[in-house]
Amino acid sequence: QSSHGRSAQIDTKRKMTGVVSSATTAACGKFGKLWSRGYESFTPLTRSLISIRGKNCTSFLQGLVSCDLTSLPRQSISEECYVSLNDKDDVEGNADEQGKDFKELGGLNDSKITLLRSATFLDNRGRILSDALVWQVKDEEYVLDVSKDSGRVLLDHLGTYRRGRTARKIEIEDITDKGYGVHSIYGTRYIGGGGPDGWHVSIDPRHPSMGLRLLSPPHNDSPLSAISDFPETPGTYSILRKLCGIAEGYNELSGKTALEANQDWLNAISFKKGCYLGQELTARSNFTGIIRKRILPLIIYDDRTQIPAPWLRAGNDGTPLPRLSVVDAATTLLATQNTPLSHVLSSSRSSDKNELLENQEDTETKNDQEMDERQAQLEEAFSVKGAKLLDAESSDTIGEIISPMSEGSSVVLAQMRMDRVGITKGKKGAWSALNKIIVKGTDKTQNRKEWRYLPYLPLWWPPVVDPKTGKEGEISSD
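Residues numbered from 1 in each chain as written. Predicted model: local features only at pLDDT ≥ 70, side-chain atom pairs only at ≥ 80, totals over all residues. Heavy atoms only, no water.

A. Representation of the overall build of the protein within the structure. Helix and strand content of the protein: 13 helices and 17 strands. Here the protein, with 478 residues, has 54% of them falling under the buried criterion. Counting contacts in the protein only where the partners sit at least 6 residues apart, residues at least 24 apart contribute 74% of the total. Surface summary for the protein: the accessible area is close to 21,900 Å², and the carbon and sulfur share equals 48%. (Helix = DSSP H or I, 4+ residues; strand = E, 2+ residues; numbered from the N terminus. Buried < 20%, exposed > 50% of the residue type's maximum accessible area, 1.4 Å probe, protein only. Contact = heavy atoms within 4.5 Å. Areas by Shrake-Rupley, 256 points an atom, 1.4 Å probe, with all protein chains shown as cover.)

Structure follows, in structure tokens:
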């Protein structure tokens, strides 16, 4: 495809979808396995902050969260052994920066680096209320960084269990509107010496693909540029976490078990700590249960687009689904949104240069209009959380939309039956890239249009998933 045609498509997408599409296209920059460099500051409309402080607040929280607050956070699964699909193009010429990203991380013992943990709050049945990022800002003071829809739910939950003479001395406060700031920096893992005085900085504990996480003090006078020289890229987080396969918040996770929501692989669960609310179901699922459903990212497209090679190979002779970095996932997303192969310029055989250029512009305009129509159909079909995904051939329910499609993208998060995507063994045979799905809305209406879907494994999934249990398996010595 010509650079002119490629630029025209990207410009059209930007006009059509705004910052979300810009964030998507930015993923194809030359920053190796990491997202294109930038930063984003969250507003009180998207994130809530809850302060928990006072004597014995650690033991109080320890009984309510699935992670262990008394030990250092577990390190995220490394990407160092991963080879990009475009490794030669993306990494060459960037070795120094990649080396810095990998080797010059601030240590956990660095006084400027704040402990940040991934955690899950469960109800008394062992079902998820919400996930949370837990900042330990002092020995007996924590700040919960949660999705906006989780704020009130967790405040009520914490208040319910603040019982007894000791617990009543613990202060629980919503500090969302008290001037604190929550930020992310993408495209680097380099922390250096931390941030300015009063700032808290850490790598996202779920996976380094999510970048650095920052908590700034109230009414802070230091701009984020004091830490990052990268450009501001609002809207990145929404698409990035979906490409990374991470669901979050009350609306997406409530009612799920911790292992169905992959919290065991996102460093949010300790299976060695003492008792906490909801532990029994979580421990039983881990040690004796079979996990039949997990949350996966899906790239959705129609059957006029060529199926990428990694998915054609998947399912053949036991070949697993592709394992993708966020950049490779974004590249695939863009490729499936491009003009179908059937739309090759018929005018390329013209001998008149002016006629060729005119026909090329007309064809690109037509293709852009078709892209707009296809994108609108996609977003309409996959816009409802809770909608069921049915196998087009058998009408079996094989998944449920957890996080709907963002404007301008074609990726969703869905809780999928793992046997129907070839991760575990089932009666329906191996995964096939020719499989199609139909969306059944929460109001029981059914969109009869059939869609192809590309599930993939994020990098933070374990190297081997046991095909019998759906849990982490052992690497073969062969």
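So that's the structure; there's more coming.
B. Up close: the nonpolar core. The biggest cluster of nonpolar side chains holds 62 residues, and the ones touching the most others in it are Ile300 and Phe382. In this structure, Ile50, Cys67, Ala132 and Val134 belong to the second largest nonpolar core, which totals 23 residues. (Core = buried A, V, L, I, M, F, W, Y, C linked by side-chain atoms within 4.5 Å.)

C. Up close: the side chain of Lys273. As for its placement among the helices and strands, Lys273 is situated in the loop between α9 (250–253) and α10 (279–287). Buried within the structure, Lys273 lacks any salt-bridge partner; Asp68 is the closest side chain of opposite charge, at an N-O distance of 5.6 Å. Within polar-contact distance, the side chain of Lys273 engages the backbone oxygen of Val65 at 2.7 Å. In this structure the side chain of Lys273 is engaged in a polar contact, spanning 2.7 Å, whose partner is the backbone oxygen of Cys67. Apart from residues no more than four positions distant in its own chain, Lys273 is found in contact with Gln62, Val65, Ser66, Cys67, Asp68 and Gln279. (Lys, Arg positive; Asp, Glu negative; His and termini not counted. Salt bridge = Lys/Arg side-chain N within 4 Å of Asp/Glu carboxyl O. Polar contact = N/O pair within 3.5 Å; in protein donor to acceptor, adjacent residues only side chain to side chain.)

D. Up close: the sheet that holds strand β9 (residues 212–216). What the four strands build is an open sheet, ordered β1-β7-β9-β8; its pairing is antiparallel. In the strand order of this sheet, the two ends are held by β1 (38–42) and β8 (200–203), each with one partner. Geometrically, the sheet is characterised by an average inter-axis angle of 20 degrees between neighbouring strands, direction not taken into account. Pairing geometry for β1 and strand β7 (residues 181–186), over five bridges, is antiparallel. The partner of Gly38 across the bridge, within β7, is Tyr186. Along the sheet, helix α8 (residues 236–243) makes contact with β1, β7 and β9, crossing β7 at roughly 60 degrees. (Pairing = 2+ DSSP bridges. Axes fitted to C-alpha atoms, helices over the stretch in contact; angles between N-to-C directions.)

E. Quick look at the pattern of salt bridges. All told, the structure shown has 20 salt bridges when counted by the stated rule. The closest approach of N and O atoms between Glu248 and Arg47, which form a salt bridge, is 3.0 Å. Pair noted here: Glu248 is in the loop between α8 and α9 and Arg47 is in strand β2 (residues 47–53), with a separation of 201 residues, a long-range link. Here Arg47 falls in the buried class, since its relative accessible area comes to 6%. A network of salt bridges, in which partner residues are shared, links Arg47, Asp145, Asp204, Arg206, Arg213, Arg241, Glu248 and Glu252.

F. Inspection of unusual backbone geometry at higher detail. In the Ramachandran plot, Asn56 falls in the positive-phi region, its phi being about 70 degrees despite a non-glycine side chain. Structurally, Asn56 is set in the loop between β2 and α3 (57–62). Even without being a glycine, Asn262 presents a positive backbone phi close to 65 degrees. For Asn262, the position within the fold is in the loop between α9 and α10. Classification of Asn262 as buried rests on a relative accessible area of 1%.

G. Highlighting the environment of Asp328. Checked against the element boundaries, Asp328 lands in helix α12 (residues 326–337). Spatially, the C-alpha atom of Asp328 lies 9.3 Å from that of Leu243, the residues being 85 residues apart in sequence.

H. Examining α10 more closely. Every buried residue of α10 is listed here: Leu281, Thr282, Ser285 and Asn286. Down the axis of α10, the smallest arc covering the buried residues is 130 degrees, so these residues share one side. In α10, the exposed positions angled more than 90 degrees off the buried face are occupied by Glu280 and Phe287. (Arc of directions from axis to C-beta.)

I. Highlighting the side chain of Ser216. Note that Ser216 resides in strand β9. Overall, Ser216 belongs to the buried group, its relative accessible area being 6%. Polar side-chain contacts of Ser216 include one of 3.0 Å to the side chain of His183. The contacts of Ser216, once residues within four sequence positions are left out, are Tyr180, Gly181, His183 and Trp199.

J. Inspection of the sheet that holds strand β4 (residues 128–138) at higher detail. Within the open sheet, the five strands sit side by side as β3-β4-β5-β2-β6. Their pairing is antiparallel. Single-partner strands in this sheet number two, and they are β3 (115–122) and β6 (171–174). The average angle at which neighbouring strand axes cross in this sheet is 25 degrees, direction not considered. Here five bridges tie β4 to strand β5 (residues 141–147), and the two strands are oriented antiparallel to one another. Residue pairing across strands places Trp135 opposite Val143, the latter belonging to β5.

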